[in-house]
Amino acid sequence: MSSSQLHVGEVHAHEHHELSFIHKYIFSTDHKIIGIQFLFTTLLFLVLGGALALLVRTQLAWPHAELPWISSWFLESNGGRMTESFYNMLFSMHASVMIFFVIIPLLAGAFGNFTIPLMIGAPDMAFPKLNMLSYWFMWPAFILILVSFFAEGGAPAAGWTSYPTLASSSMPAGQGFDSPAAPNSGHGQIFWLLSLLFVGVSSMMGSVNYITTIINMRSPGMTLYRMPMTIWALFITAILQAFALPVLTVALILQSLDKLLGTTFFLPPAGLEFANWETGPGGGQPLLWQHLFWFYSHPAVYIMILPAMGMVSDIISTFARRALFGYRAMILSIAGIAGLGFIVWGHHMFQSGMDPRLGTGFMIATIMIALPSAIKTFNWLATVYRGNVQYTAAMLFALAFVAMFIIGGLSGIFMAATPVDIYIHDTYFIVAHLHYVLFSSSLLGIFAGIYYWFPKMFGRLMNESLGKLHFTLTFIFLNGLFFPMHILGVAGLRRRIPDITNAVLESPLVSLNQFMTLCAFALGVSQFIFIYNFFYSLFRGEVSGRNPWHSNTLEWVAPSPPGHGNFETIPVVHRWPYDYGDYGSIDHLKQTDPPDPSHPSGQHH
Amino acid sequence: MGKWWSALFGIVMLACLGMFMVAPFVPTWWLPEGVSTHSGQVDALFYIILYITGFFFVLTEALLVYFMYKYAGQPGTTPRPTEPAAQGGFYAMLHRWFPDAHRVEVAWTIVPALILLFIAFAQVPTWLEIKDRSRKPAIGGEKTPIQCHVSARQFEWRVRYPSSQRLRNWQTFTTNEKTIADFKSFASFDGAKPRHPHLDDVPVVNEVHTWKGQTILVQLNTIDVIHSFNVPHMRVKQDALPGRTIPVWFTPTKANTRYNEETKRWEDAFNFTTGKPDMGYRWEIACAELCGWGHHRMIGRIYVHENKADFYRWLEHVEQSQAPPTKPQQKVAAR
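Conventions we followed
- Residues numbered from 1 in each chain as written.
- Chains lettered and ligands numbered in written order.
- Predicted model: local features only at pLDDT ≥ 70, side-chain atom pairs only at ≥ 80, totals over all residues.
- Heavy atoms only, no water.
- pLDDT = per-residue confidence, 0-100.
- Contact = heavy atoms within 4.5 Å.
- 1 Å grid on protein atoms, 1.4 Å probe; cavity = no way out; pocket = protein on both sides within 12 Å on 5 of 7 lines; lining within 4 Å.
- Points joined across faces, edges and corners; volume = space filled by probe spheres on them.
- Helix = DSSP H or I, 4+ residues; strand = E, 2+ residues; numbered from the N terminus.
- Nonpolar A, V, L, I, M, F, W, Y, C, P; charged D, E, K, R; others polar.
- Buried < 20%, exposed > 50% of the residue type's maximum accessible area, 1.4 Å probe, protein only.
- Pairing = 2+ DSSP bridges.
- Domains from an automatic or database assignment.
- Buried area = accessible area lost by both parts, 1.4 Å probe.
- Salt bridge = Lys/Arg side-chain N within 4 Å of Asp/Glu carboxyl O.
- Polar contact = N/O pair within 3.5 Å; in protein donor to acceptor, adjacent residues only side chain to side chain.
- Core = buried A, V, L, I, M, F, W, Y, C linked by side-chain atoms within 4.5 Å.
- Axes fitted to C-alpha atoms, helices over the stretch in contact; angles between N-to-C directions.
- Parallel < 35°, antiparallel > 145°, perpendicular 65-115°, else oblique.

### Details of the confidence of the model for chain A
Phase 1 of the analysis: Per-residue confidence for chain A averages 91 on the pLDDT scale, and 94% of its residues sit at or above 70.
Phase 2 of the analysis: Long-range and interchain partners of residues 1-15 of chain A, a stretch whose pLDDT sits below 50, account for 14 contacts in this model, where long-range means more than four residues apart.

### Details of empty space enclosed by the protein
Phase 1 of the analysis: A complete count under the given rule lists seven cavities of 30 Å³ or more for this structure.
Phase 2 of the analysis: There is about 160 Å³ of room inside the largest cavity.
Phase 3 of the analysis: Forming the walls of the largest cavity are 17 residues, and the residues nearest its centre are B:Ile130, B:Lys131, B:Gln238, B:Ile246 and B:Pro247.
Phase 4 of the analysis: Among the secondary structure elements, those contributing two or more residues to the lining of the largest cavity are helix H4 (103-131), strand S9 (236-240) and strand S10 (246-250) of chain B.
Phase 5 of the analysis: Top element by residues in the lining of the largest cavity is S10(B). It accounts for four residues.
Phase 6 of the analysis: As a volume, the second largest cavity reaches approximately 100 Å³.
Phase 7 of the analysis: Lining the second largest cavity are 16 residues, with A:Phe38, A:Ala108, A:Gly109, A:Ser202 and A:Ser203 positioned closest to its centre.
Phase 8 of the analysis: Going through the elements one at a time, helix H5 (84-120) and helix H8 (187-216) of chain A are the ones with two or more residues in the lining of the second largest cavity.
Phase 9 of the analysis: Among the residues forming the lining of the second largest cavity, the class breakdown is eight nonpolar, eight polar and no charged.

### So, the environment of A:Glu273
Phase 1 of the analysis: Along the chain, A:Glu273 turns up in the loop between helix H9 (229-260) and helix H10 (286-303).
Phase 2 of the analysis: Owing to a relative accessible area of 26%, A:Glu273 belongs among the partly exposed residues under this scheme.
Phase 3 of the analysis: The spatial distance from the C-alpha of A:Glu273 to the C-alpha of A:Ser297 is 30 Å, given a sequence separation of 24 residues.
Phase 4 of the analysis: Apart from residues lying up to four places away in sequence, A:Glu273 is in contact with A:Glu278, B:Lys193, B:Ile223 and B:Asp224.

### Some points on the pairing of strand S15 (residues 283-286) of chain B
All names here are of chain B.
Phase 1 of the analysis: In S15, alternate side chains face the same way, and those of Trp283 and Ile285 on one face and Glu284 and Ala286 on the other are all buried.
Phase 2 of the analysis: Relative to strand S16 (residues 299-305), S15 runs antiparallel, the two sharing four bridges. In the sheet register, glutamate 284 faces S16, and the bridge partner there is arginine 301.

### Focus: the domain arrangement of chain A
Frequently, the measure chosen for interface size is the accessible area that the parts lose on association.
Residues and elements named next belong to chain A.
Phase 1 of the analysis: Segmentation of chain A into domains returns domain 1 (33-270 + 288-301) and domain 2 (305-542).
Phase 2 of the analysis: Domain 1 and domain 2 are separated by 20 Å when their C-alpha centres are compared.
Phase 3 of the analysis: Across the boundary between the two partners, domain 1 contributes 54 residues, which contact 57 residues of domain 2.
Phase 4 of the analysis: It is Arg57, Phe111 and Met229 in domain 1 that bury the most area against domain 2; as a group they hold 15% of the surface buried on that side.
Phase 5 of the analysis: In this structure, the connection of domain 1 to domain 2 is made through zero salt bridges.
Phase 6 of the analysis: Here domain 1 and domain 2 share 16 residue pairs in polar contact (both at pLDDT 80 or more) between them.
Phase 7 of the analysis: Elements supplying a minimum of two residues to the side of domain 1 that touches domain 2: helix H3 (31-61), H5, H9 and H10.

### A look at the domain arrangement of chain B
All names here are of chain B.
Phase 1 of the analysis: Looking at chain B, the domain boundaries give domain 1 (4-71 + 88-133) and domain 2 (138-322).
Phase 2 of the analysis: A straight line from the C-alpha centre of domain 1 to that of domain 2 covers 38 Å.
Phase 3 of the analysis: Taken together, the contacts link 16 residues of domain 1 with 16 residues of domain 2.
Phase 4 of the analysis: The junction of domain 1 with domain 2 conceals about 1,300 Å² of combined surface from both sides, 49% of it contributed by carbon and sulfur atoms.
Phase 5 of the analysis: Counting the surface domain 1 buries against domain 2, the share from its top three residues, Glu33, Val35 and Arg133, is 42%.
Phase 6 of the analysis: Along the contact surface separating domain 1 from domain 2 lie two salt bridges.
Phase 7 of the analysis: Where lysine 254 meets glutamate 33, a salt bridge forms, and the shortest distance between an N and an O atom there is 2.5 Å.
Phase 8 of the analysis: Between domain 1 and domain 2 we count twelve residue pairs in polar contact (both at pLDDT 80 or more) in total.
Phase 9 of the analysis: For the side of domain 1 that touches domain 2, the secondary structure elements donating two or more residues are helix H2 (39-70) and H4.
Phase 10 of the analysis: When its residues are assigned to classes, the side of domain 1 that touches domain 2 shows five nonpolar, five polar and six charged.

### Regarding unusual backbone geometry
Phase 1 of the analysis: Residues A:Ser560 and A:Pro561 are joined by a peptide bond in cis, for which omega reads -10°.
Phase 2 of the analysis: Relative to the assigned elements, A:Pro561 resides in the loop between helix H18 (510-540) and strand S1 (580-583).
Phase 3 of the analysis: The omega torsion across B:Gln154 and B:Phe155 is -5°, close enough to zero to call that bond cis.
Phase 4 of the analysis: Within the fold, B:Phe155 resides in the loop between strand S1 (146-153) and strand S2 (156-161).
Phase 5 of the analysis: Its identity is not glycine, yet A:Arg321 carries a phi of approximately 50°, on the positive side.

### Considerations on the nonpolar core
Phase 1 of the analysis: If you look at the biggest cluster of nonpolar residues, it comprises 303 residues, and the most contacted ones within it are A:Phe101, A:Ile450, A:Phe534, B:Phe9, B:Tyr161 and B:Phe229.
Phase 2 of the analysis: The greatest single-element share of this core, amounting to 25 residues, is contributed by H5(A).
Phase 3 of the analysis: Residue contacts for B:Phe9: discarding those within four places in its chain leaves A:Leu396, A:Leu399, A:Ala400, A:Ala403, A:Phe471, A:Phe475, B:Leu64, B:Val65 and B:Met68.

### Some words on the packing of helix H6 (residues 128-136) of chain A against helix H7 (residues 138-148) of chain A
Residues and elements named next belong to chain A.
Phase 1 of the analysis: Contact geometry of H6 with H7 gives a least axis separation of 4 Å together with a crossing angle of 0°. In terms of orientation, H6 and H7 fall into the roughly parallel class. Contacts between H6 and H7 involve Ser134, Tyr135 and Trp136 from the first element and Met138, Trp139 and Pro140 from the second.
Phase 2 of the analysis: Partitioning the contact of H6 with H7 into residue classes produces five nonpolar, one polar and no charged.

### What about the pattern of salt bridges?
Two side chains with opposite charge may pair up if their charged atoms get near one another.
Residues and elements named next belong to chain B.
Phase 1 of the analysis: Going through the model one piece at a time under the given rule, you end up with 17 salt bridges over all chains.
Phase 2 of the analysis: The shortest N-O distance in the salt bridge between glutamate 156 and arginine 158 comes to 2.5 Å.
Phase 3 of the analysis: Residue glutamate 316 is joined to arginine 168 by a salt bridge in which the shortest nitrogen-to-oxygen separation is 2.9 Å. Here glutamate 316, found in helix H7 (residues 308-322), pairs with arginine 168, found in helix H5 (residues 164-170); they are 148 residues apart in sequence, far enough to count as distant.
Phase 4 of the analysis: On the basis of relative accessibility, which here comes to 28%, the residue glutamate 316 falls in the partly exposed class.
Phase 5 of the analysis: Since its relative accessible area comes to 40%, arginine 168 is described here as partly exposed.
Phase 6 of the analysis: Each of the salt bridges in this network shares a partner with another, and the network as a whole consists of Arg160, Arg166, Asp182 and Asp201.

Below is the structure:
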């Protein structure tokens, strides 16, 4: 421990010369700059993903509306209406962008990079150059995914899950790699596969770095059981990612080979018969993709929520002025969710043709994930109990995370229950569930994190009134948008349907969909308040000082924004991060505050 | 001032709860009437989970809203009571690993764990009954399911019935080994193609027929991409997987198809209880797995005839209308 500290200190001392603009802000090895780079790029992709979502919503509410501007933009015409394949492309790309280019890189890339060294008292990541590389490996991915929109036949339209044989079928090279399953398209899928490969490599470099940094670079006194929940969550997430990612990488390579070289990993022995083309005999299994894909993508669901849980735990404790309740139970439940997360991938495949007896095992494991989730919820409630709640924008978003996670968690039990899943599988019920977890929970957690750490990132506070307005509108409209999806699912509306007026159970649901789409547009417009607030505060916001929230964790000991190397002196940690309230005249005890017999720590040993 | 935030949370959560309370009474906003023998069990499990999760939703959201109201900006909070360290026993053991463990934590771990285990194990019998291949309806005698082959493709369901004579033969009381072998040979496939097709097999498109109370065994496969055989009213959903044939079965408890003497056609969406046409009795097979641009309109229908006689009347009618002009009883067709 001490030798590695010394080593880092030496490196640090050598780097005290002025860096050029390019080295300081573009090809930077500083974890804070890299984190902010991730933040800006992913927020740009959030705008793209949101715009795609609004187009999806438009089509759901007014399936026969003429949208001539769409055909003029994207050169696809169906009498001025949106084509079915264009709609399929919209939701496929909405999901791909939001998952791989927004939520994962925002949580792991932006917040992971920014908070880890600061919150454990390290001057930087263990491998700063690898860290820079992990950001720059995202760029080929960004470019490939954007180029796919302009590929012949458009961006991929086989869903973000890219199930073979719809996604993987490909004519031989001589016939231009067109997909026989979706005539005149299929090129976008190749860009998608390559793009995700780069995302994977980038995430892998990040994970290795986070794990090493957290294990090796903690400042003196920062024992594992003194680490804030944000760090615990990012630590466990990084482990999860490091173990799950190779499987996705393999799956992506296999599908790329199927598409480009004509291998048959996902082609069944008897081959397939498309309207215009017959494949030769294959030797593979379409179900193999689903196993490989979900073996990564289910843990990925937790990669997309656990860091937000960690951040929200710290934010709630800070603004409730109350020690986080059940600190060790919180850590163990995150570890429990992550551990169980590896043995539940089959719950995406209950109706896929997988052996139903296997489904039983996956069901029991899946339902048991509700237990650590429930423990976390009760602990958050108990943290607020007898608190002294300060309603800042960050706190409101964090509390809304809890309120929304309850809905998303409870609705998950329906899908986990195999017989009930027979009915609601691939209906809007699952769409409701995943949006309550990914948008209403993760993204609200991300907003909480942005409002909370903005002063540390840029030295200025975001405007609180605008923040609260942003919160209020977001909270109302997201529920107006997502909650009725439960009802749609129970009523039998299938997901991924460009025209809901065909099926007998679906056509009566148009008016409810119109209400939801109006909420979606209102939700979209509300985000402009955030964009304005973000940029206004960046330049004109109130100067924050080191510790505007009177918080205990180490990053608030450093200047705002912290300089290169973060801390003036390496901080020495004397206590856990949750000593709030309870100390009479003293409001809170920072982690660096020396032990004082008259104000004992709230942490039991 | 801060207390008002609890009102915002409370109102929004009440609106959500209200929507779930109102929806069952809005005709098209809730589960469609289940019309298969197992739909009751599936719905019962749905309601059990709905009530349990509904209870915990109200409990946790109410606590959150109440705490947000009660503890809004209270300077000088009361210290959290600390529990005296236990001497020996379960709690002392617990405190060795969880120094901050609280008695209430033990309660809110064990109680949800038991409830969740109950929910999980309550699903198992129904699930295996519906899906487990080994519990497939028995062959032999009058209870033998009728059988059809559904071959999914972009973007329709091609259905193949055996001839009425063959189907009757399967269901006779004196089922011998030859009949059973014939029953099985119908469901024998080479890829998605039947291995032993008969020239008198009856092909139809986008319609699956059976009669009230009669189990139908659907041999499901696909020739191109993954589709999903989804009949919401029957609580049936099964993906069709390239390279595999998956048996799906259900037993309708109600009929929806009657013979219209005037038009000489069979019409579905008929409610025999009220004696009137009723859109609630149109039972669709709506593909539930994204299968390409035409996915949304890949919709077939389930026709449940009132009785065996009417079903055979339909099947024979189709046979006659589709009979090849010469040599109807050719042996196995060459593929």
